[in-house]
Amino acid sequence: MAILPITVYGDKILREKTKSVKQVDDGIIKNIKDMFETMRNARGIGLAANQVGLDKSIFIIDLSEMEDYRDMKPMVFINPVIESRSDELIIFEEGCLSLPLLRADVVRPESLQIRYIDTEEKEQVMEADDWPARVILHEYDHLIGKLIPDRVDADIKKELKEQLSDIKSRKVQVDYPITTL
Ligand code: ZN
């Protein structure tokens, strides 16, 4: 396994829609193991493949460090599709390993249904709400090239501008490996 540098705001791959996975072969399994190691090293609760420079439709989540989700197993979502989103919206403060130190309140659906392929190439459908839904929606956004600033209103986006430019020029202290300019 390997800890990979995390892509940050400004890296082109974070703005592109990722390619779907044709086959869950040994290479993909290795990618997923590296993603878990990279996420844990950075103490993240979710990570998308393009956050480690991989153009693949995969994200992982692990909420087991959170008080209310100790029993929830780490999960891998391959070629995910959000099938439905609740009309009910909820606000949470979000962070992102690709936007070091930035925090912002983001409004998203409270619950959802997602269809995806697991590591055994079986199709799965999952319903999620609360924090799992939040992390899933955030990570799914990565796979379609969207980031937190795209999900906040213009006023908040303005407030984030300077911080985003600092991240882009690597003027931030980060205690995990990130890509270099
Ligand atoms: Zn993120």
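Residues numbered from 1 in each chain as written. Predicted model: local features only at pLDDT ≥ 70, side-chain atom pairs only at ≥ 80, totals over all residues. Heavy atoms only, no water.

Peer 1: Explain the overall build of the protein here, please?
Peer 2: Across its full length, the protein holds three helices and seven strands. Counting helices and strands in the order they occur from the N terminus, the protein gives α-β-β-β-β-β-β-β-α-α. Here the C-alpha radius of gyration of the protein, 16 Å, is about what a compact globule of 181 residues would show, namely 16 Å. Over its C-alpha atoms, taken along the principal directions, the protein stretches across nearly 45 × 40 × 30 Å. (Helix = DSSP H or I, 4+ residues; strand = E, 2+ residues; numbered from the N terminus. Rg over C-alpha atoms; globule rule 2.2 N^0.38 Å.)

Peer 1: Looking at this structure, how should I read the pattern of salt bridges?
Peer 2: Note on pairing: side chains with opposite charge can pair once their charged atoms come close. Enumeration according to the criterion identifies 17 salt bridges in this entry. A salt bridge links Lys 30 to Asp 34; the shortest N-O distance between them is 2.7 Å. Of the two residues, Lys 30 and Asp 34 both sit in helix H1 (residues 26-41), four residues apart, roughly one turn of that helix. In this structure, the salt-bridge partner of Arg 151 is Asp 141, at a minimum N-O distance of 2.7 Å. Taken as a pair, Arg 151 in the loop between helix H2 (130-143) and helix H3 (154-168) and Asp 141 in helix H2 lie far apart in primary sequence, 10 residues in all. (Salt bridge = Lys/Arg side-chain N within 4 Å of Asp/Glu carboxyl O.)

Peer 1: Sorry if this is basic, but what is going on with the coordination of the zinc ion here?
Peer 2: The zinc ion binds to the protein through Cys 96 (SG), His 138 (NE2) and His 142 (NE2); the donor distances cover 2.0 to 2.2 Å. Sequence spacing among the residues donating to the zinc ion works out to C-x41-H-x3-H. One end of the pair is His 138 and the other is His 142, both in helix H2 and four residues apart, which spans about a single turn. Residue His 138 shares its accessibility class with His 142, and that shared class is buried. (Donors = N, O, S within 2.8 Å, 3.2 Å for Na, K, Ca; no water. Buried < 20%, exposed > 50% of the residue type's maximum accessible area, 1.4 Å probe, protein only.)

Peer 1: Looking at this structure, how should I read the packing of aromatic side chains?
Peer 2: Geometrically, a pair of aromatic rings is defined through the distance of the ring centres and the angle of the planes. For the structure on display, the rule yields three aromatic pairs. Ring centres 4.6 Å apart and planes at 20° place the aromatic pair Phe 59 and Phe 77 in the stacked group. Residue Phe 59 is found in strand S2 (residues 58-61), and its partner Phe 77 is found in strand S3 (residues 75-85); the two are separated by 18 residues along the sequence. Here the two residues Phe 59 and Phe 77 agree in accessibility, since each one is buried. Judged by centre distance (4.5 Å) and plane angle (55°), the ring pair of Phe 77 and Tyr 116 falls under tilted. Placement of the pair is Phe 77 in strand S3 and Tyr 116 in strand S6 (residues 111-117), with a sequence separation of 39 residues. Residue Phe 77 shares its accessibility class with Tyr 116, and that shared class is buried. (Phe/Tyr/Trp six-rings, centres within 6.5 Å; stacked < 30°, edge-to-face > 60°.)

Peer 1: What am I meant to see in H2 here?
Peer 2: Its 14 residues give H2 an end-to-end C-alpha distance of 21 Å, which sits within 8% of 20 Å, the value for a rise of 1.5 Å per residue. Where H2 is concerned, the buried positions are Pro 132, Ala 133, Arg 134, Val 135, Ile 136, Leu 137, His 138, Glu 139, Tyr 140, Asp 141, His 142 and Leu 143. Where H2 terminates, the next one or two residues include Gly 145, which has phi positive at roughly 80°. (Expected span 1.5 Å × (residues − 1).)

Peer 1: Is there a simple way to explain the pairing of strand S7 (residues 123-129) in this structure?
Peer 2: When a strand is regular, its side chains alternate between the sheet's two faces. Note that S6 and S7 share seven bridges and pair antiparallel. Within S7, the position partnered with Arg 115 by the bridge is Val 125. Counting the residues in the hairpin turn of S6 and S7 gives five residues, including Glu 121, whose phi is positive at 65°. (Pairing = 2+ DSSP bridges.)

Peer 1: Help me understand a nonpolar patch on the surface in this model?
Peer 2: A surface patch of nonpolar side chains, amounting to about 290 Å² of accessible area, comprises Leu 89, Ile 91 and Val 107. Under the relative-accessibility criterion, Val 107 is labelled partly exposed at 45%. (Patch = residues over 30% accessible without salt bridge, like charges linked within 9 Å, V, L, I, M, F, W, Y side chains within 5 Å. Areas by Shrake-Rupley, 256 points an atom, 1.4 Å probe, with all protein chains shown as cover.)

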